[in-house]
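Structure assessment
This is what each chain is made of:
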Amino acid sequence: KPSIIEKKWQNLWDKKKLFSVKKNKKQKFYVLEMFPYPSGNIHMGHVRNYTIGDVIARFFKNNQFNVLHPMGWDSFGMPAENAAIENNLNPKVWTEKNINNMKKQLKSIGLSIDWGREISTCDDQYYKHQQKLFIDLYNAGLVYKKDSYVNWDPVDETVLANEQVIDGKGWRSGALVEKKKLSQWFLKISKFSQELLSDLNKLDQWPEKVRAMQRNWIGVSEGVEIIFNISEKKNKIKVFTTRPETIFGATFIALSVEHEISSLFDSDLKFAKFKNLCIKDQEKRDSDEKFSFKTGLHVIHPFNKKKIPVFFTNYVLMDYGSGAIFGCPAHDQRDYDFALKNNLDIVKVIQDHLDENLTALPYCETNEGDRIINSDFLDNLHPFEGKEKITQIIHKSKIGGKKTDFRLRDWGVSRQRYWGCPIPIIYTEDGKTLTVDEKDLPVKLPDNIDFKNSGNPLSNHPTWKNTKCSKTGKKAIRETDTLDTFFDSSWYFLRFCSPIEKSIPFKEDDVNYWMPVDHYIGGVEHAILHLLYSRFFSRALKYCNYNVPEEPFKKLVTQGMVCHETFQTVDSKWINPENVFSEKDKKGKINYYAKKDGKVTLVLKGRSEKMSKSKKNVVDPDSIISNYGADTARLFMISDSPPERDLDWS
Ligand code: ANZ
């Protein structure tokens, strides 16, 4: 039934034509709010998010559009697994209970949601299709396995997410976290770096703030690659630089410990120790201090023919550029620190525009009056002119060329956890890695799982991982890693178009009709990962010949936080604002009090902050709805402040 408010607005639209939208039966409108994690209860943040979508959905519906406004559950993930470990129950039971509760709450708000399309990512009828998509990506070469370092809790024998490492220790065991090399699955998001970057310009209905965040995350760097010859060996070293005009200031070469040249030092115990230190000890690796290992090798400078020493160091990273740099101490702070520590030459090649010789080194800027010095044929040029010239010379003399590099790294999707989508891969006894036969999908999670032991519950399960290759009958072991839950949310908006399709993830016709999402609403905390992964996924599916749009979300609204006042007792205990009352004293000053353990105590009023259970300042939607009605709750949530702005609960 249309609500009272709806009728009222409908009247206004009809009579006064408050909004002007062409009535056209054939048009479609897809409204979507980021689907929730079923944590137990909805809070006012959800209410606001869904009310924004609700208003838009109703508006378009009342203007004769065909509207899609679905809802689902991002239901795999760690909280369910942790709750299960703590209460010794199955994550599925916990999750389903929460979903039922939250669904009941959402229904009570009176949102215009099409519950007939409800999906849940932990449902095997959802992840079955996801496994098929994984196999498609694998066959298209967009999935690969490589060794990578993870946070390892040696007591719980488990991999920890970054946010589970607190002050270098495991959040549960308190053990000192180590770096451990594990073979992990990756998606080739970096293959699409350029597209993901340039196509941001097409997203003219996205907040500029979000586009800027994605631009920075992808991090384009226009530079030059230069090849140096090692004088003692036949090997060459390729360096990546964004300042090729400083080449005459190069006084050393620095390599990542994982650089291919390191294989020349495989039998050197001292080097092995150094490498181990750089890799295992994250703190050392990231520290500002420059550690080094002198190789004894040299390269020949391609222009002044001087011999330059080669070092391994902690500050050059393997997964950026080529894992090798030329050090120019006069114009780079890190190179400067390194040169001082190792007694290396510092050759100034850029003359500051302001003074002649007094500039403090390193001088890293580029200003209008700057000039190149000590650089032979580049002398007296402005650094920008010098960059042009040297780039051309490098290209012509075939010792390198222009290179665009991106900071965006491939997406590691392996999780050593139970409560996630099983990766449909098997390893046969004759050493082959194969995808699971599609007719055998879904690879279901086992129900009888034991969380008492440490380690990955799936690999500890007595039988689950033992299987056979369906073609050869050879014995095989299942992959026991599960997928990062961001994988689940990278295509759910496509599934909403064909939610009950049994044999395929989605129907082309349905997706062609509904996609892209016309209006996507969610928190700004997803500005980078979820939105970037979804943009990548659409491109990756297109690459696998699925007919889907490249950009999944036409318009994006990042809603503000719902905030509420906070109160604390004198000894810093949070107090629910509902239990606080105020009194004026004789001078007219307002004091706040709360009843605690039967006694009245003074409490202090703090800032208005984002509603959160830990600060006890959440407002329960149920009591608002039962006291004031669902229409009132929705109206209040959207009328008080613009969607993008924070809303103060009052
Ligand atoms: C020589 C040089 C001279 C550099 C100079 C800077 C200043 P952005 O611009 O952020 O992309 N670099 C290259 N690869 C690296 C790696 N794997 N690990 C650490 N540092 C690396 O940074 C590019 C610059 O960062 C490159 O330009 C290189 O140092 C360094 F006066 O080359 B430069």
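Computed from a predicted structure; not experimentally measured.

The next subject is unusual backbone geometry. L441 connects to P442 through a cis peptide bond whose omega is 0 degrees. Among the structural elements, P442 can be located in the loop between strand 22 (433-435) and helix 12 (457-460). The amide bond that connects M515 to the next residue, P516, takes the cis arrangement and shows omega of -5 degrees. Assignment of secondary structure puts P516 in the loop between helix 15 (508-514) and strand 26 (519-523). With a phi close to 60 degrees, K305 is a non-glycine residue in the positive phi region.

With that out of the way, let us pick up the sheet that holds strand 2 (residues 66-68). The sheet built from four strands is open, its strands ordered 2-1-26-27 with parallel pairing. Two strands in the sheet have a free side with no partner beyond their single neighbour: strand 2 and strand 27 (556-559). Each strand axis lies, on average, 20 degrees off the axis of its neighbour in the sheet, ignoring direction. Examined bridge by bridge, strand 1 (residues 28-33) and strand 26 share three bridges and lie parallel to one another. Bridging from a neighbouring strand, L32 pairs with Y520 of strand 26. Where helix 2 (residues 44-62) meets the sheet, its contacts fall on strand 1, strand 2, strand 26 and strand 27, and the angle it forms with strand 1 comes to roughly 175 degrees.

Enumeration according to the criterion identifies 47 aromatic pairs in this entry. In this structure an aromatic cluster arises from ring pairing among F134, Y138, W185, F192, W411, F486, F487, Y533, F536, F537 and Y543. In this arrangement the basic side chain of R478 is found over the ring face of W464, its NZ or CZ atom lying 5.6 Å from the centre.

Taken together, 18 residues lie near the ligand, and S221, T241, L317, Y320 and H331 sit nearest. At 2.8 Å, a side-chain N or O of T241 approaches an oxygen atom of the ligand. Separating an oxygen atom of the ligand from a backbone N or O atom of T242 is a distance of 3.1 Å. The protein chains hide 87% of the 650 Å² of surface that the ligand would expose on its own. Put simply, the parts of the chain that give the shell around the ligand at least two residues each are strand 11 (236-241) and strand 15 (324-327). Residue composition of the shell around the ligand, by class: eight nonpolar, six polar and four charged.

Moving on to the side chain of S490. Along the chain, S490 falls in the loop between helix 13 (485-488) and helix 14 (492-495). A distance of 2.7 Å separates the side chain of S490 from the backbone oxygen of F486, its partner in a polar contact. If sequence neighbours within four positions are ignored, S490 has contacts with W411, Y533, S534 and F537.

This part is about the nonpolar core. With 78 residues, the main nonpolar core has Y30 and Y492 as its most contacted residues. Element by element, the count of residues in this core is highest for helix 16 (residues 529-543), at seven residues. Beyond its immediate sequence surroundings of up to four residues, Y30 is in contact with L68, P70, F493, F496, C497, W514, M515, P516, V517, D518 and H519. In this structure, F228, Y315, V316 and A324 belong to the second largest nonpolar core, which totals 46 residues.

Moving on, we come to the packing of helix 7 (residues 208-218) against helix 16. Contact pair helix 7 / helix 16: the axes reach a minimum separation of 10 Å and the direction vectors enclose 75 degrees. In terms of orientation, helix 7 lies roughly perpendicular with respect to helix 16. Of helix 16, the residues touching helix 7 (which contributes V210, Q214, W217 and I218) are L529, L531, L532 and R535. Taken together, the residues that form the contact of helix 7 with helix 16 break down as six nonpolar, one polar and one charged.

Next up on the list: a nonpolar patch on the surface. On the surface, V570, L602 and L604 cluster together to form a nonpolar patch covering roughly 280 Å² of accessible area. Note that L602 resides in strand 32 (residues 599-610).

Attention now goes to the environment of C328. Tracing the sequence through the fold places C328 in the loop between strand 15 and helix 10 (333-341). The class of C328 is buried, set by a relative accessible area of 4%. Measuring from C-alpha to C-alpha, the distance between C328 and R243 comes to 9.4 Å, with 85 residues separating the pair along the chain. If we skip the residues at most four places from it in the chain, C328 touches T246, G249 and D335.

On to helix 17 (residues 621-628), then. Residues that lie three or four places apart on an α-helix share one face, since the helix turns once every 3.6 residues. Residues of helix 17 that are buried: P621, I624 and I625. Around the axis of helix 17, the buried residues are gathered within 95 degrees of arc, so they sit on the same side. Opposite the buried face of helix 17, at more than 90 degrees from it, the exposed residues are S626 and N627. Elements that come into contact with the buried residues of helix 17 comprise helix 2, helix 4 (91-108) and helix 18 (630-639).

Tracing the sequence through the fold places R539 in helix 16. Looking at R539, its side chain comes within polar contact range of the main-chain oxygen of E550, at 3.1 Å. Ignoring anything within four residues of it in the chain, the contact list for R539 reads F192, E195, L196, D199, E550 and E551.

Right, let's get into the pairing of strand 21 (residues 425-428). Direction of pairing for strand 21 relative to strand 22: antiparallel, over a ladder of three bridges. Counterpart to I425 in the pairing with strand 22 is T435. Sheet topology places strand 21 next to strand 24 (residues 475-478); three bridges connect them, and they run antiparallel. Residue pairing across strands places Y427 opposite I477, the latter belonging to strand 24.

Bringing the state of the cysteines into the picture now. Enumeration according to the criterion identifies zero disulfides in this entry. Free cysteine: C328, not disulfide-bonded; nearest cysteine sulfur from C364 at 9.0 Å. C544 supplies the cysteine sulfur nearest to C497, a cysteine that is in no disulfide, at a spacing of 18 Å. Owing to a relative accessible area of 3%, C497 belongs among the buried residues under this scheme.

Attention now moves to the sheet that holds strand 5 (residues 143-153). Strand order in the open sheet formed by four strands is 6-5-9-19, with antiparallel pairing between adjacent strands. In the strand order of this sheet, the two ends are held by strand 6 (158-160) and strand 19 (411-412), each with one partner. Pairing between strand 5 and strand 6: three bridges, direction antiparallel. Bridge pairing in strand 6 places D153 opposite T158.

Attention shifts here to the packing of helix 3 (residues 78-87) against helix 4. Orientation of helix 3 relative to helix 4, taken along the N-to-C sense of each, is 115 degrees, at an axis distance of 8 Å. The element helix 3 and its partner helix 4 pack so that their crossing is right-handed. Facing helix 3, whose interface residues are P79, A80, E81, A83 and A84, helix 4 presents P91, W94 and T95. Of the residues in the contact of helix 3 with helix 4, the class split is six nonpolar, one polar and one charged.

Cut-offs applied
Residues numbered from 1 in each chain as written. Predicted model: local features only at pLDDT ≥ 70, side-chain atom pairs only at ≥ 80, totals over all residues. Heavy atoms only, no water. Helix = DSSP H or I, 4+ residues; strand = E, 2+ residues; numbered from the N terminus. Pairing = 2+ DSSP bridges. Axes fitted to C-alpha atoms, helices over the stretch in contact; angles between N-to-C directions. Contact = heavy atoms within 4.5 Å. Phe/Tyr/Trp six-rings, centres within 6.5 Å; stacked < 30°, edge-to-face > 60°. Lys NZ or Arg CZ within 6 Å of the ring centre and 35° of its normal. Near = heavy atom within 4 Å. Polar contact = N/O pair within 3.5 Å; in protein donor to acceptor, adjacent residues only side chain to side chain. Areas by Shrake-Rupley, 256 points an atom, 1.4 Å probe, with all protein chains shown as cover. Nonpolar A, V, L, I, M, F, W, Y, C, P; charged D, E, K, R; others polar. Core = buried A, V, L, I, M, F, W, Y, C linked by side-chain atoms within 4.5 Å. Buried < 20%, exposed > 50% of the residue type's maximum accessible area, 1.4 Å probe, protein only. Parallel < 35°, antiparallel > 145°, perpendicular 65-115°, else oblique. Patch = residues over 30% accessible without salt bridge, like charges linked within 9 Å, V, L, I, M, F, W, Y side chains within 5 Å. Salt bridge = Lys/Arg side-chain N within 4 Å of Asp/Glu carboxyl O. Arc of directions from axis to C-beta. Disulfide = S-S within 2.5 Å. Left-handed = near helix turned anticlockwise from the far one by under 90°.

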